[in-house]
There are 2 protein chains.
Amino acid sequence: MNMLDTTHGIAINGQRLWQSLMDLAKIGATPKGGNARLALTALDGQGRDLVVGWMKDAGLDIRVDQVGNIFGRRAGRNNALPPVMTGSHIDTQPTGGKFDGCYGVMAGLEVMRTLNERGVQTEAPLELIIWTNEEGSRFLPVMMGSGVFTGRFTLDTALDARDSEGKSVRDELKAIGYAGTEPVGGPVGAYFEAHIEQGPVLEAEHKTIGAVTGSLGVRWYDVTVTGMEMHAGPTPMSVRKDALVAACELVQVVIRIANDNLPHGRGTVGVLNVHPSSRNVVPGRVDFTVDLRHIDAETLDAMDQRLRESFAAIAQRHRVGLDLRLAQYNKPTPFAPELVDMVRQSAVRRGLPAMDIVTGAGHDAVHMAMVHPTAMIFVPCKDGVSHNEIEDAQPEHLEAGCNVLLDAMLTRAGTAR
Amino acid sequence: MNMLDTTHGIAINGQRLWQSLMDLAKIGATPKGGNARLALTALDGQGRDLVVGWMKDAGLDIRVDQVGNIFGRRAGRNNALPPVMTGSHIDTQPTGGKFDGCYGVMAGLEVMRTLNERGVQTEAPLELIIWTNEEGSRFLPVMMGSGVFTGRFTLDTALDARDSEGKSVRDELKAIGYAGTEPVGGPVGAYFEAHIEQGPVLEAEHKTIGAVTGSLGVRWYDVTVTGMEMHAGPTPMSVRKDALVAACELVQVVIRIANDNLPHGRGTVGVLNVHPSSRNVVPGRVDFTVDLRHIDAETLDAMDQRLRESFAAIAQRHRVGLDLRLAQYNKPTPFAPELVDMVRQSAVRRGLPAMDIVTGAGHDAVHMAMVHPTAMIFVPCKDGVSHNEIEDAQPEHLEAGCNVLLDAMLTRAGTAR
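These numbers were taken from a predicted model, which means no experiment stands behind them. (Residues numbered from 1 in each chain as written. Chains lettered and ligands numbered in written order. Predicted model: local features only at pLDDT ≥ 70, side-chain atom pairs only at ≥ 80, totals over all residues. Heavy atoms only, no water.)

Looking only at helices and strands, one finds 12 helices and 16 strands in chain A. Here the C-alpha atoms of chain A give a radius of gyration of 24 Å, agreeing with the 22 Å that 2.2 N^0.38 yields for 417 residues. Considering only C-alpha atoms, chain A reaches an extent of 85 × 50 × 40 Å along its principal axes. A total of 417 residues make up chain A; the buried ones form 60% of that total. Counting only contacts in chain A whose residues sit at least 6 apart along the sequence, the fraction spanning at least 24 positions is 79%. Only carbon and sulfur atoms are counted for the fraction: they give 50% of the accessible area of chain A, which is about 15100 Å². Distance between charge centres in chain A, computed from 40 positive and 50 negative side chains, equals 2 Å. (Helix = DSSP H or I, 4+ residues; strand = E, 2+ residues; numbered from the N terminus. Rg over C-alpha atoms; globule rule 2.2 N^0.38 Å. Buried < 20%, exposed > 50% of the residue type's maximum accessible area, 1.4 Å probe, protein only. Contact = heavy atoms within 4.5 Å. Areas by Shrake-Rupley, 256 points an atom, 1.4 Å probe, with all protein chains shown as cover. Lys, Arg positive; Asp, Glu negative; His and termini not counted. Charge placed at Lys NZ, Arg CZ, Asp CG, Glu CD.)

Given below as structure tokens:
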């Protein structure tokens, strides 16, 4: 029995997938081996033209919607069924890599090519999507195309967005020829997105496939601790109100709350500023941020509650002022269990080392999961590095993830050979 | 029995002392009630002229040395004895107060005036000193006049110092008429300096007199903690190398070392910078400063040793890199026990609430103490605030400190009425 050929009897062409990724990466290539193809620039237009050409070569029926999302449809036996979709984005960070986003689109294309070669007809139609402006490096909001598609914000919000030079999404879509006429949105049977992990877990655990069970909820806070600024020499320890000493204990609480809610708890203090910031002055004020995450909404609420109680108690003990402000809250977004299970099962049948994982980073799939059945497939990336020109991934991992995508899509769409 | 008149039978005139302080404070007065009379400016020259006039009125024999220090001598019965000296400085910070330095000079002047009124002759001669450029706001090194007097650095180092406009001490001394011809240095029988505390201890302890037993030694360090910069979302707690979390524990060690060496231990982290300082990025590097102080050199050495060992152990446990660099070391400077005891005894005999205290800030007396018998008398200042226009002190505290100065100087010089 060939382990690569046990599900639906077919496997994708890993060499062709890799070649397409490398060909796309020539557009906007950077000296250090990365990509600079910012959303709706001329280079993004060239990238879109190249991939749309490949999609047409694969017999896909192309539509472009009013926010510039590109859909390539492969008809099924029953075209009244909602399509089983896959995709991602091909815009990049200013110093981005070759795989973030592009892998999801190229994997979807490779699935289509493989089905064509094998003459596979699916019950439900399939669609390959290229979402507009996922990165948000040039225009905000981020994950723009999927945001409008899922009703997170309006079409006008997206089209009116302007870059730092004052150019609008509306005008730049026209400039590159992707101001489509199709209304944004429509029926979705399922949405799968393959992506590099952008984290270190799969590599550390020696797993090839991550079955993503959902997206972590996030609570962001801004915190100010107010003590009293005093000279470090003449001021004895007992009379001090040292804002930094109190803040250090608060930082440790953040970490403890995360560690008490493993494996999916996260706690980070990424910014911490000390005032007046002088070597021989006891800090009078410290401003810092808190980032708390968890996959379960109730747990994240409990983490929030514990944070507030612990912070208040510590501030009181240190006789310092405390101001804790919630800056942002994004709910956890679970993915569709039946689709996640299709990913798991494919990995098992193909003998691929796999594990459940969550996504801490944002993806178009997170928008989709809020309204449609959604799952993601993660593959390892080198050292967990992404949003960086040195972003790298192994061809055999990309191939494996694409095979899992193939299996999951066929399972969901139904095959009729 | 009049409590104010129990030692040597005399007491100073508190009202006259206060009036002289207020008169001097008119030169370079600031809108918020402070003083801006930077060293060797025209205003400093005006201040010197005013005080030298008062010194001459008090019959003092004036000398100016080559670094601009002013000496006003009151002959004793035996002028072969080294003089018993007192003094301080009258230059200020750019937004300084009316008492820092000026109090020590005016208190010395008031002692001379009182002895004249009472017709007291001392065995040893007395001298009142105005030191050049104690603050160092305009020219470095700080505590310049006493530094040359005690051989901490050379006369040329002082005279060649330039301000931000390129003007030299040498030229500015000439410009205000205080480029003296006397060699710098000479015999010293004792040096007493009265000063506001510039800290909160006496006020908090409801004491009027601080008998200063010495100056804290200081060890300054620069520390770099190197972890790994990672995304806060995708990176599980267990694989992180969070430089800030490690740094927080190091900050706590600094505090613990100080608290384990009370009452004279001090530990401060005044500067702490986080990199890359992004809300959703685990800190990859933290740079911070450490300030450790103690009055006893061996204890300060032991604190240093413990700091190094604890830091290394914590860095290892957190799997982060550690670079600990000693930036500066100033040894503790004990004051002369027999002079400190004269201060204590005077307070007791006058019924003044007093306590032993150390100085964490630098003073000309610290330079003097390195080579000559020295003591200081502290009086409270409001809220411990100094180097600020709102610096304030109570007339009755200033009067009390001046009486203690009188007593100590008479005891040391010997009286012959």
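On we go.
Here we take up helix α9 (residues 297–318) of chain B. Residue and element names in this part refer to chain B. With 22 residues, α9 extends 31 Å between its outermost C-alpha atoms, agreeing within 8% with the 32 Å of an ideal straight helix rising 1.5 Å per residue. Every buried residue of α9 is listed here: T299, L300, M303, D304, L307, F311, I314, A315 and H318. Projected onto a plane normal to the axis of α9, the buried residues spread over an arc of 145 degrees and lie on a single side. Projecting away from the buried face of α9 at angles above 90 degrees are the exposed residues E298, Q316 and R317. Those residues of α9 that are buried are in contact with β7 (217–226), α8 (243–259), β9 (266–268), β12 (285–294) and β13 (321–330). (Expected span 1.5 Å × (residues − 1). Arc of directions from axis to C-beta.)

This part takes up the domain arrangement of chain A. Residue and element names in this part refer to chain A. Along its sequence, chain A is organised into domain 1 (3–215 + 333–413) and domain 2 (217–330). Its C-alpha centre places domain 1 at a distance of 38 Å from the equivalent point of domain 2. Both faces combined, the contact of domain 1 with domain 2 buries some 400 Å², and carbon together with sulfur accounts for 56% of it. When the buried area of domain 1 at its contact with domain 2 is split by residue, S215, V358 and G360 rank highest and sum to 78% of it. Where domain 1 meets domain 2, there are two residue pairs in polar contact (both at pLDDT 80 or more). Looking at the side of domain 1 that touches domain 2 residue by residue, the class counts come to one nonpolar, three polar and no charged. (Domains from an automatic or database assignment. Buried area = accessible area lost by both parts, 1.4 Å probe. Polar contact = N/O pair within 3.5 Å; in protein donor to acceptor, adjacent residues only side chain to side chain. Nonpolar A, V, L, I, M, F, W, Y, C, P; charged D, E, K, R; others polar.)

A separate point is the relation of the copies chain B and chain A. For the pair chain B and chain A, the relating rotation is 180 degrees, the translation along its axis is 0.1 Å, and the fit reaches an RMSD of 0.1 Å. The superposition operator between the copies reduces to a two-fold rotation axis. The position closest to the rotation axis in chain B is occupied by the C-alpha of C248(B), lying 2.4 Å away. Looking at the interface residues of chain B, 100% of them are also at the interface in chain A, so both copies use one shared face. (Least-squares fit on C-alpha atoms with pLDDT ≥ 70 in both.)

Let us look at the pattern of salt bridges. Under the counting rule described, the total for this entry stands at 54 salt bridges over all chains. We note a salt bridge from E338(B) to R412(B), for which the minimum N-O separation is 3.9 Å. Taken together, the residues span a long stretch of sequence, with E338(B) in helix α10 (residues 337–349) and R412(B) in helix α12 (residues 395–413) at a distance of 74 residues. Within this structure, R63(A), R73(A), E127(A) and E182(A) form a network of salt bridges that share partners. (Salt bridge = Lys/Arg side-chain N within 4 Å of Asp/Glu carboxyl O.)

As recorded in UniProt, the sites labelled "domain: Peptidase M20 dimerisation" (unreviewed entry) are residues 214–315 of chain A. Measuring from the first to the last C-alpha atom of residues 214–315 of chain A gives 35 Å, for a span that is 35% helix and 32% strand. (UniProt positions renumbered as here; feature names shortened; annotations may be inferred.)

This part takes up the interface of chain B and chain A. With 51 residues of chain B in contact, the opposing surface of chain A contributes 51 residues. In this assembly, chain B packs against chain A so that about 4100 Å² is buried in total across both faces, 62% of it on carbon and sulfur atoms. Area buried by chain B at its contact with chain A is led by P234(B), M237(B) and R279(B), which between them contribute 19% of it. Taken together, the connections running from chain B to chain A amount to two salt bridges. With a closest N to O distance of 2.8 Å, D222(B) and R279(A) form a salt bridge. Inspection of the chain B/chain A interface yields 13 residue pairs in polar contact (both at pLDDT 80 or more). Residue assignment for the side of chain B that touches chain A shows that the elements contributing at least two residues are β7, α8, β9, β10 (272–275), β11 (281–282) and β12 of chain B. When residues in the side of chain B that touches chain A are grouped by element, the largest group, nine residues, is from α8(B). Within the side of chain B that touches chain A, the residues separate by chemical class into 27 nonpolar, 15 polar and nine charged.

Residue and element names in this part refer to chain A. Over its 13 residues, helix α10 (residues 337–349) extends 18 Å from the first C-alpha to the last, a length consistent with the 18 Å expected when each residue adds 1.5 Å. For α10, the elements touching its buried residues are β5 (190–196), β6 (209–215), β15 (354–359), β16 (374–379) and α12 (395–413). G351, located one to two residues past α10, shows a positive phi value of around 70 degrees.

Glancing now at the environment of A365(A). Within the element layout of this structure, A365(A) appears in helix α11 (residues 364–369). Counting along the chain gives 172 residues from A365(A) to E193(A), while the straight-line C-alpha distance between them is 6.5 Å.

Here the focus is the state of the cysteines. Under the definition given, this model contains zero disulfides over all chains. Free cysteine: C402(A), not disulfide-bonded; nearest cysteine sulfur from C102(A) at 14 Å. Note on C402(A): relative accessible area 0%, which makes it buried. C381(B) forms no disulfide, and the closest cysteine sulfur to it belongs to C102(B), at a distance of 14 Å. (Disulfide = S-S within 2.5 Å.)

Looking at the secondary structure, you find Q198(A) in the loop between β5 and α7 (201–205). Side-chain polar atoms of Q198(A) contact the side chain of S386(A), separated by 2.8 Å. Among all residues touching Q198(A), those that are not within four sequence positions of it are D100(A), A361(A), H363(A), C381(A), G384(A), S386(A), H387(A) and P234(B).

To continue, consider the packing of helix α3 (residues 102–118) of chain A against α12(A). All names here are of chain A. Viewed as axis vectors pointing N to C, α3 and α12 meet at an angle of 60 degrees, and their least axial separation amounts to 9 Å. The orientation of α3 relative to α12 falls into the category oblique. The hand of the α3/α12 crossing is right-handed. Mapping the contact onto sequence places Y103, A107, G108, E110, V111 and L115 in α3 and H397, L398, G401, C402, L405, L406, M409 and L410 in α12. (Axes fitted to C-alpha atoms, helices over the stretch in contact; angles between N-to-C directions. Parallel < 35°, antiparallel > 145°, perpendicular 65-115°, else oblique. Left-handed = near helix turned anticlockwise from the far one by under 90°.)

For the structure on display, the rule yields 12 aromatic pairs over all chains. Between W131(B) and F149(B) the ring centres are 5.3 Å apart and the planes differ by 75 degrees, which places this aromatic pair in the edge-to-face class. Here W131(B) is found in the loop between β4 (126–130) and α4 (144–149), whereas its partner F149(B) is found in helix α4, with 18 residues between them in sequence. The structure contains a cluster of three or more aromatic residues connected by ring pairs, namely F71(A), W131(A), F149(A) and Y191(A). The cationic tip of R219(A) hangs over the ring face of Y329(A); the distance from NZ or CZ to the ring centre is 4.1 Å. (Phe/Tyr/Trp six-rings, centres within 6.5 Å; stacked < 30°, edge-to-face > 60°. Lys NZ or Arg CZ within 6 Å of the ring centre and 35° of its normal.)

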